[in-house]
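Okay, here's what each chain looks like letter by letter:
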Amino acid sequence: MVQISDDCYVELQWWLDNLGRVNGQDIRPRPLAGLFDSVIECDASDTGVGAVILVEAAALGTSTLVAALLAAAAGQATRRAVQRRARQGIELMKALPDYLLSASSTLRELFGIWTFVSDLAPRLSGGRHRVQMDNLGCVFIMGGVVPPFAVGGKEWGEFVSGGSPNPDLQRLAVQILDLQIQYAFSLVFEWVPRDLNVRADYLSHASELRHHHYCLRGEHFDYLDGRWGPHTIDRFATIETRQPLQPPHAGRFCSPFFHPDAEWTDALTIPWGGENNWVFPPLHLVGEAVTHIRASGTSATLIAPYAPWAPWWDVLQRGRSWAPDISHVEPLGAPASALVIPAGDASLFRNVRHMIAVRFPGRT
């Protein structure tokens, strides 16, 4: 007698529903042939996971990812700007959850590609995407292309791969496959040497840093939003630090790294016209942000340190006078009282006596 478990019934039902998808498929396909709608490079460190998704030049005109990004830009960016952004690559990074900090590298890396594909899935829909990883175990588990030296000199298709006897790895592999079925896209996994995966490796360590994790305190934002608002989009934020904009603009923000709720990644690559922008950039980007406000001819509230010693200060003040396109400057007090600052970011403000809000009314 063989006892059929609930998990076994689920597995049998999956095959009943999906076995027909094998019909008509090549027995010996060439997985790396042709153009891909995107290339995803992924890696994991001891503390985080990182990835880059990009579109190669030859595929820019037909890529489903470019089409999805253009739709998401909602008129804020031209096709050329979207294609340029896709070719440069969109960066993703996340810290590992505590329960995976001591896990195997294979489990950490498979978790990484699963979490990124989960976030990206709607934008991957309808496409064929190449996933490059430097972990042989992950590529084997996902039925991908591995080098001949790892399989006794055999070529892809001459050996069996796919799945894992480890239940945690198998669960992630099935979830990645289910996402492909749900959103109608396909992933082709490929092993690459570590020295060809350096950008994703860097991003996997970037979770150890703190990006845009400081923000203006809520009471100061409410005051400025009441005076110069309503603001319509937060240009430099994360899901944790975005400001509570008023409806119908609630939740709108641009992120330094990809997030499925963000309108765009890297706000400086799109125009800001037609919006009342909330702008609190990283300190080293204040000059670029002001230049972008002026180039867009848009209204904006800029949060910045009062820092006459900073290299970007002359974009705000000419001699003792504020630049002519600035209508108001509001003092906000010392950083410790004006901002929410994580301990790791406190040193960024050690030379700052007080913060200011600078109002650009835009062109009339």
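Quick look at the structure, then. All of these numbers come straight from a predicted model, not from anything done at the bench.

A short note on a nonpolar patch on the surface
- Taken together, Val2, Ile4, Tyr9 and Leu12 make up a surface patch of nonpolar side chains, about 420 Å² in accessible area.
- Mapping Ile4 onto the fold places it in the segment before helix 1 (6-18).
- The exposure class of Ile4 is partly exposed, given its relative accessible area of 35%.

Focus on the sheet that holds strand 14 (residues 328-333)
- In space, the 5 strands of this open sheet follow the order 7-10-11-16-14, with mixed pairing throughout. Each edge of the open sheet carries a strand with a single partner, namely strand 7 (233-234) and strand 14.
- Sheet analysis places strand 10 (residues 276-279) next to strand 11 (residues 299-305), joined by 4 bridges and oriented parallel. Note that in strand 11 the partner of Trp278 across the bridge is Thr301.
- Where helix 8 (residues 218-228) meets the sheet, it contacts strand 10, strand 11, strand 14 and strand 16 (355-360), and its direction lies at approximately 165 degrees from that of strand 14.
- With respect to the sheet, helix 9 (residues 286-296) is in contact with strand 10, strand 11 and strand 16, its orientation differing from that of strand 11 by roughly 165 degrees.

Some points on the nonpolar core
- In terms of nonpolar packing, the biggest core is built from 78 residues, with Leu110, Ile113, Phe189, Trp272, Leu302 and Leu316 touching the most fellow members.
- No other element matches helix 4 (residues 105-124), which puts 9 residues into this core.
- If we ignore the near neighbours within four places in the chain, the residues touching Ile113 are Ile40, Cys42, Val131, Met133, Ile176 and Phe189.
- Within the second largest apolar cluster, 17 residues are counted, among which are Leu216, Trp228, Leu245 and Leu283.

Concerning empty space enclosed by the protein
- Counted according to the given criterion, the structure contains 3 cavities of 30 Å³ or more.
- Considered as a void within the structure, the largest cavity measures approximately 80 Å³ in volume.
- Looking at the lining of the largest cavity, the elements with two or more residues in it are helix 2 (64-73) and strand 9 (264-265).
- Across the lining of the largest cavity, the residue classes tally to 6 nonpolar, 2 polar and 2 charged.
- Estimated volume of the second largest cavity: approximately 50 Å³.

Let's talk about the sheet that holds strand 1 (residues 38-44)
- Judged by pairing direction, the sheet is mixed, and its 5 strands sit side by side in the order 3-2-1-4-5 without closing on themselves. Sheet topology places strand 3 (90-95) and strand 5 (186-191) at the edges, where each strand pairs with a single neighbour. For this sheet the average axis-to-axis angle between neighbouring strands, irrespective of direction, equals 20 degrees.
- As defined by bridge partners, strand 2 (residues 48-54) adjoins strand 3 across 6 bridges and the pair is classed as antiparallel. Residue Ile53 lies in a different strand from strand 3, and its bridge partner there is Ile90.

Criteria and cut-off values
- Residues numbered from 1 in each chain as written.
- Predicted model: local features only at pLDDT ≥ 70, side-chain atom pairs only at ≥ 80, totals over all residues.
- Heavy atoms only, no water.
- Patch = residues over 30% accessible without salt bridge, like charges linked within 9 Å, V, L, I, M, F, W, Y side chains within 5 Å.
- Areas by Shrake-Rupley, 256 points an atom, 1.4 Å probe, with all protein chains shown as cover.
- Salt bridge = Lys/Arg side-chain N within 4 Å of Asp/Glu carboxyl O.
- Helix = DSSP H or I, 4+ residues; strand = E, 2+ residues; numbered from the N terminus.
- Buried < 20%, exposed > 50% of the residue type's maximum accessible area, 1.4 Å probe, protein only.
- Pairing = 2+ DSSP bridges.
- Contact = heavy atoms within 4.5 Å.
- Axes fitted to C-alpha atoms, helices over the stretch in contact; angles between N-to-C directions.
- Core = buried A, V, L, I, M, F, W, Y, C linked by side-chain atoms within 4.5 Å.
- 1 Å grid on protein atoms, 1.4 Å probe; cavity = no way out; pocket = protein on both sides within 12 Å on 5 of 7 lines; lining within 4 Å.
- Points joined across faces, edges and corners; volume = space filled by probe spheres on them.
- Nonpolar A, V, L, I, M, F, W, Y, C, P; charged D, E, K, R; others polar.

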